[in-house]
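So you can see what is in the structure, the chains are spelled out below.
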Amino acid sequence: MASEFTMRVWRGDISGGEFKDYRVEAQEGMVVLDVIHTIQATQAPDLAVRWNCKAGKCGSCSAEINGKPRLMCMTRMNLFEPGETITISPIQTFPLLRDLVTDVSFNYEKAKSIPALKLKAKEADGTRRMYQDDVDRVQEFHKCIECFLCQDVCHVIRDHEDNKPEFAGPRSFVRLASLEMHPLDEEDRREFLKSDAGLGYCNITKCCTEVCPEGIHITDNAIIPLKERVVDAYYDPVVWLMNKLTGK
Amino acid sequence: MANDKYETHEYDVIVIGAGGAGLRAAIEASAAGVKTALICKSLLGKAHTVMAEGGIAAALRNVYQEDNWKVHFRDTMRGGKMLNNWRMAQLHAQEAPDRVLELEEWGALFDRTKDGRILQRDFGGHRYARLAHVGDRTGLEMIRTLQQHAVHKGIDVYMECNIQRLLKDGDRVCGAFGYWRESGKFVTFKSKAIVLATGGVGKAWKFTSNSWEYTGDGTTLAADVGADLIDMEMIQFHPTGMVWPNSVRGILVTEGVRGDGGTLRNSEGERFMFNYITDYFRAETAETEEEADAWYEDKTNNRRTPDLLPRDEVARAINAEVKAGRGSPHGGVLLDIASRRSAEYIARRLPSMHHQFKELADVDITKEPMEVGPTCHYIMGGVRVEADTAATTVPGLYAAGEVAAGLHGANRLGGNSLSDLLVFGRRAGLYAAQYAQNLEGHPSPDADQIEQYAQELLAPFNNDGGENPYTVHMALQDCMQNLVGIIRTESELKKAQTEIASLKERLAKVTVEGHRQYNPGWNLALDLQSLLTTAEATTMGALERKESRGGHTREDHPGPDPDKYGKINLVLRRKDGELSLSEEPLPEMPDDLKELFEESK
């Protein structure tokens with residue numbers, strides 16, 4: 001049950017490039033990454049692509065497939081009509097290195113700046129007690145595979161390069177939410193969220209949630225609760241007055 | 001550093017590989033106060049640890065009070081068919097609980113018991129529910145926790161940097177040389193001590209659960225500077241990999257499916273594992289389906305289901321069922337949890353399996369059985385290390401995790417890998433740091449040597465009219481899959497040796513197109529050198545070990561040979577460029593530990 005496709009793949013680097021067409025036969029069950037590998041093995045051995053697990057668990061093979069941010073390893077070829085031309089381009093929000101590979105160091109730099117976990121004291125018996133109900137919501141955030149598709153699609157940085165220094169992006173917010181909602185964490189990250197991470201830039205269009213391959217409800221479960229925390233701290237008149245009076 | 005031709009960095013300790021073992025080693029070395037760097041082939045957080053599913057084995061005693069390190073130690077040794085280094089198995093069982101609790105301190109959120117402690121799940125070969133886990137994505141939780149901890153500690157990380165050679169000063173190592181994938185440019189690391197944490201070798205086989213990174217780099221780097229390798233014939237074929245569609249063949253299906261109640265059936269619907277209980281495990285294995293099913297709830301009065309025999313046993317059984325014509329439509333067997341557990345339970349306990357089968361195979365595992373078959377998963381053998389310090393036989397060189405050998409003997413139990421990474425990653429980092437602290441002066445690699453290596457690495461660009469590296473890689477994978485697979489025999493192993501020799505010649509002429517910047521063809525051509533070295537080592541060991549034990553099954557020597565091969569490690573070392581093999585006796589277990597095996601008989 002093999003079908004033939006034309007894969008229109010971006011080839012090039014920072015100095016320029018173009019889409020090149022490759023005719024490929026896709027066997028039953030193949031995903032886009034398999035087809036890219038076939039092109040490498042038979043037509044373009046130096047075609048640059050990042051990948052590791054090929055099972056949707058490592059988040060390395062992010063690309064834009066017909067303009068949509070997706071993991072190549074989790075995109076089945078049977079989504080497309082035989083004979084169709086499928087366009088594969090690198091994710092756009094980050095600087096191109098070569099072909100389908102981009103420089104995603106932005107995300108690692110942002111991760112360095114996030115205030116770490118600070119756990120409260122252990123129980124009297126020396127253990128840590130947490131209940132499944134309490135960890136459930138944080139475990140959702142820990143599902144993140146750091147594919148950075150949410151960062152790619154976020155128009156705050158996709159369309160405005162100059163926002164990058166002030167905006168940490170949805171991936172960082174998921175991480176921040178996981179720390180803020182950790183049942184035993186004591187750190188206060190509200191000032192960081194407001195001033196350093198640029199949470200206010202997000203106008204909850206939910207683009208990030210739509211592309212998340214792990215199905216994390218980024219906007220509803222991470223970003224909106226974080227916004228509420230910041231609002232409570234900085235814009236609640238009662239809290240504001242209390243802070244003034246107590247000199248905080 | 002004005003004299004250095006290539007980009008050069010200097011450290012006390014460099015750690016090569018950033019999976020669980022490498023991250024844990026770097027954290028420990030850095031905490032000991034030495035200047036530490038972590039170097040990895042991929043982006044940080046993408047290493048193979050991320051794919052581990054089931055859990056971390058540790059006798060935490062949260063679910064079964066009866067558990068303790070001695071029981072875990074005994075399970076590990078018996079699972080490894082007693083070929084294990086007993087001291088490593090002891091340290092591992094004793095220290096694993098602390099290492100798991102430490103992860104919790106650093107932010108890991110494991111699934112919980114009703115009283116708020118870390119929940120533990122059943123796994124093959126473990127007497128009690130022992131695996132700390134997060135659904136079926138424990139490896140992701142572990143690597144992310146370690147990654148974030150390392151980042152917050154300010155450890156220098158060099159990503160997408162591929163180390164190709166270790167550098168020596170006399171007998172000791174003094175650095176490493178490699179290239180940046182991004183630019184293709186060379187880089188030198190001068191270092192007093194080096195920790196290898198490079199993982200396994202699975203990419204030498206066609207059907208494997210391993211990612212592109214698993215090309216035997218560490219084993220080859222170590223062998224090339226004169227370190228000993230042991231047990232290289234011991235390869236684990238995980239019993240349950242996906243078999244269909246062909247393009248995903250080999251992708252792992254967690255043992256947690258069986259740990260959580262799934263059972264293996266053949267095409268006749270029979271739970272065939274009851275027919276494959278060997279005498280070795282008979283006393284501790286359920287004989288009837290009723291007892292096996294009751295065991296999940298009550299381990300005191302029932303024995304373990306044969307579905308959860310150690311992996312080598314289950315893989316051979318599946319292989320035999322398929323050969324006997326009782327396989328599933330695509331050449332595997334059926335793994336059924338749908339008829340045994342509720343859809344809600346399956347989706348909660350095994351979310352990533354649910355997702356994986358739905359997306360990649362159009363199978364809903366809450367409604368239908370999965371088709372599964374053996375897939376090359378893990379190498380028990382590797383670099384020989386001292387149990388307590390993780391030191392190799394070369395001064396300054398340490399190894400931890402899958403690249404190191406000894407802990408798992410002839411077969412690894414599921415869940416013992418993640419705990420291995422933590423226990424021995426920490427030890428390697430600690431002792432590498434101590435070694436570096438005690439060493440005077442600066443590491444000083446030989447510039448001529450570096451230049452020679454640089455020329456070697458560029459050779460594939462200079463060849464004309466040779467094959468492309470992908471063709472050679474596929475030929476190697478076919479060779480190892482067909483001739484050095486689950487069931488081995490002398491004539492096929494000899495044929496494999498001939499083929500590997502001819503592949504080496506083909507590799508010498510391989511031609512790479514394009515330039516050095518992010519060029520996967522060139523990268524593969526270089527990785528093929530280590531793939532071929534490890535393939536050669538595995539085949540040599542497999543030919544020499546004339547018995548069947550754990551991950552090594554010889555059709556022409558079907559039983560174990562307790563008097564000869566049960567008492568020795570096969571040691572490989574490079575002599576004048578060629579690998580040579582010798583036999584050495586296993587370390588002798590002290591009497592108080594021996595008693596643990598006698599009383600259980």
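Up top you'll find the structure we're talking about.
Residues numbered from 1 in each chain as written. Chains lettered and ligands numbered in written order. Predicted model: local features only at pLDDT ≥ 70, side-chain atom pairs only at ≥ 80, totals over all residues. Heavy atoms only, no water.

Focus on the overall build of chain A
- Scanning chain A from terminus to terminus reveals 10 helices and 7 strands.
- Each principal axis of the C-alpha distribution contributes one length, and for chain A these read about 70 × 45 × 25 Å.
- Every one of the 248 residues in chain A was classed for burial, and the buried ones make up 55%.
- Approximately 10,900 Å² of chain A is accessible, and the part contributed by carbon and sulfur atoms is 50%.
- Each charge sign in chain A was given a centre, from 32 positive and 39 negative side chains, and these centres are 3 Å apart. (Helix = DSSP H or I, 4+ residues; strand = E, 2+ residues; numbered from the N terminus. Buried < 20%, exposed > 50% of the residue type's maximum accessible area, 1.4 Å probe, protein only. Areas by Shrake-Rupley, 256 points an atom, 1.4 Å probe, with all protein chains shown as cover. Lys, Arg positive; Asp, Glu negative; His and termini not counted. Charge placed at Lys NZ, Arg CZ, Asp CG, Glu CD.)

A few points about the sheet that holds strand β21 (residues 578–585) of chain B
All names here are of chain B.
- Spatially, the 5 strands line up as an open sheet ordered β17-β15-β10-β20-β21, and their pairing is mixed. Where the open sheet ends on each side, the last strands, each with one partner, are β17 (404–405) and β21.
- Pairing of strand β10 (residues 229–230) with strand β20 (residues 568–575), which is carried by 2 bridges, proceeds in the antiparallel orientation. Among the inter-strand pairings, Leu229 is bridged to a residue of β20, identified as Leu572.
- Relative to β21, helix α16 (residues 520–544) is tilted by about 45°, and along the sheet it contacts β20 and β21. (Pairing = 2+ DSSP bridges. Contact = heavy atoms within 4.5 Å. Axes fitted to C-alpha atoms, helices over the stretch in contact; angles between N-to-C directions.)

A look at the environment of Gln437(B)
Residues and elements named next belong to chain B.
- Its location among the elements puts Gln437 in helix α12 (residues 416–437).
- Gln437 gets classed as partly exposed once you look at its relative accessible area, which sits at 45%.
- With 245 residues separating them along the chain, Gln437 and Lys192 place their C-alpha atoms 8.7 Å apart.
- Contact partners of Gln437, with chain neighbours within four places excluded, come to Ala32 and Val34.

What to know about the pattern of salt bridges
Residue and element names in this part refer to chain A.
- Under the defined criterion, the tally for this structure stands at 81 salt bridges over all chains.
- Taking the shortest distance from any N to any O, the salt bridge between Arg229 and Glu180 comes out at 3.4 Å. Of this pair, Arg229 sits in helix α9 (residues 218–234) while Glu180 is found in helix α6 (residues 169–180), placing the two residues 49 residues apart along the sequence.
- For Arg229, a relative accessible area of 27% gives the class partly exposed. (Salt bridge = Lys/Arg side-chain N within 4 Å of Asp/Glu carboxyl O.)

Structural notes on the sheet that holds strand β5 (residues 131–132) of chain B
Residue and element names in this part refer to chain B.
- Strand order across the open sheet formed by 3 strands is β3-β5-β4, with antiparallel pairing between neighbours. Edge positions in the sheet fall to β3 (56–57) and β4 (120–121), since each has one partner strand and no second.
- Where β3 lies against β5, 2 bridges are found, and the strand directions are antiparallel. Bridging across to β5, Ile56 finds its partner in Ala132.

Digging into the nonpolar core
- Formed by 249 residues in total, the largest nonpolar core has its most connected members in Met7(A), Ile36(A), Met72(A), Met77(A), Ile88(A) and Phe73(B).
- Core analysis: the next-biggest nonpolar cluster, separate from the first, contains 6 residues, Leu83(B), Tyr378(B), Met380(B) and Leu586(B) among them. (Core = buried A, V, L, I, M, F, W, Y, C linked by side-chain atoms within 4.5 Å.)

Description of the environment of Gln147(B)
- Residue placement: Gln147(B) occurs in helix α4 (residues 138–152).
- Its relative accessible area of 4% is what places Gln147(B) among the buried residues.
- In this structure the C-alpha to C-alpha distance between Gln147(B) and Arg24(B), which are 123 residues apart in sequence, comes to 9.0 Å.
- What Gln147(B) contacts, discounting residues up to four positions off in sequence, is Tyr108(A), Glu146(A), Leu23(B), Leu44(B) and Gly45(B).

Re helix α11 (residues 351–361) of chain B
All names here are of chain B.
- Looking only at α11, the buried set comprises Ser352, Met353, His354, Gln356, Phe357, Leu360 and Ala361.
- Buried residues in α11 make contact with β11 (235–242), α6 (256–259), α10 (343–349) and β14 (370–379).
- Positive backbone phi, approximately 55°, marks Asp362, located one or two places after α11.

Considerations on the interface of chain A and chain B
- In this complex, chain A contributes 59 residues to the contact, which on the side of chain B involves 58 residues.
- At the junction of chain A with chain B, the criterion picks out 6 salt bridges.
- Scanning the region where chain A abuts chain B turns up 38 residue pairs in polar contact (both at pLDDT 80 or more).
- Those elements giving two or more residues to the side of chain A that touches chain B turn out to be α1 (32–42), β6 (96–98), α2 (105–113), α3 (132–142) and α6 of chain A.
- Among the elements that line the side of chain A that touches chain B, the one with the most residues is α3(A), at 5 residues. (Polar contact = N/O pair within 3.5 Å; in protein donor to acceptor, adjacent residues only side chain to side chain.)

Some thoughts on the pairing of strand β8 (residues 172–180) of chain B
All names here are of chain B.
- Burial runs high along β8: 8 of the 9 residues are buried.
- Bridging between strand β7 (residues 161–169) and β8 involves 8 bridges; their strand directions are antiparallel. Residue pairing for β8: Cys161 is matched across the bridge by Trp180.
- Between β7 and the antiparallel strand that follows it, β8, lie 2 residues; Gly170 among them carries a positive phi value of about 65°.
- The sheet contact formed by β8 and strand β9 (residues 186–196) spans 5 bridges and is antiparallel. Looking at the pairing, Ala176 lines up with Phe189 of β9.

With respect to helix α17 (residues 591–598) of chain B
Residues and elements named next belong to chain B.
- Turning to α17, its buried residues are Leu593, Leu596 and Phe597. Within α17, the buried residues cover an arc of 95° as seen down the axis, which keeps them to one side. Looking at α17, the residues exposed on the side facing more than 90 degrees away from the buried face are Asp591, Asp592 and Glu598.
- Where α17 is buried, its residues contact α2 (69–79) and α3 (86–105). (Arc of directions from axis to C-beta.)

Quick word on the packing of helix α1 (residues 20–31) of chain B against α4(B)
Residues and elements named next belong to chain B.
- Taken N-terminus to C-terminus, the directions of α1 and α4 make an angle of 30°; their axes are 10 Å apart at the nearest point. The pairing of α1 with α4 is recorded here as roughly parallel in orientation. Taken as a pair, α1 and α4 cross one another with a handedness that is left-handed. Residues Gly20, Leu23, Arg24 and Ile27 of α1 form the contact with α4, whose participating residues are Met142, Ile143, Leu146, Gln147, His149 and Ala150.
- Of the residues contributing to the contact of α1 with α4, the split by class is 6 nonpolar, 3 polar and 1 charged. (Parallel < 35°, antiparallel > 145°, perpendicular 65-115°, else oblique. Left-handed = near helix turned anticlockwise from the far one by under 90°. Nonpolar A, V, L, I, M, F, W, Y, C, P; charged D, E, K, R; others polar.)

Section: the layout of surface pockets
- Here the largest pocket is characterised by a volume of approximately 1,200 Å³.
- Forming the boundary of the largest pocket are 42 residues, of which Asp34(A), His37(A), Trp51(A), Lys203(B) and Gln477(B) lie nearest the centre.
- Counting only elements with at least two residues in the lining of the largest pocket, the list comes to α1 of chain A together with α14 (469–483) and α16 of chain B.
- With 6 residues, the top contributor of residues to the lining of the largest pocket is α1(A).
- Of the residues in the lining of the largest pocket, the class split is 16 nonpolar, 17 polar and 9 charged.
- In this structure, the second largest pocket spans a volume of roughly 1,000 Å³.
- Lining of the second largest pocket is provided by 33 residues; of these, Lys81(B), Met82(B), Tyr280(B), Arg549(B) and Pro562(B) occupy positions nearest its centre.
- Contributing elements (two or more residues each) for the lining of the second largest pocket: α2, α9 (311–323), β19 (553–554) and α17 of chain B.
- Here the lining of the second largest pocket is built from residues that sort into 12 nonpolar, 8 polar and 13 charged. (1 Å grid on protein atoms, 1.4 Å probe; cavity = no way out; pocket = protein on both sides within 12 Å on 5 of 7 lines; lining within 4 Å. Points joined across faces, edges and corners; volume = space filled by probe spheres on them.)

What about the side chain of Thr93(A)?
Residue and element names in this part refer to chain A.
- Here Thr93 is to be found in the loop between β5 (85–89) and β6.
- At 2.6 Å, the side chain of Thr93 forms a polar contact with the backbone oxygen of Asp152.
- Not counting the four nearest positions on each side in its chain, Thr93 is found in contact with Gln151, Asp152, Ile157, Arg158, Glu161 and Lys164.

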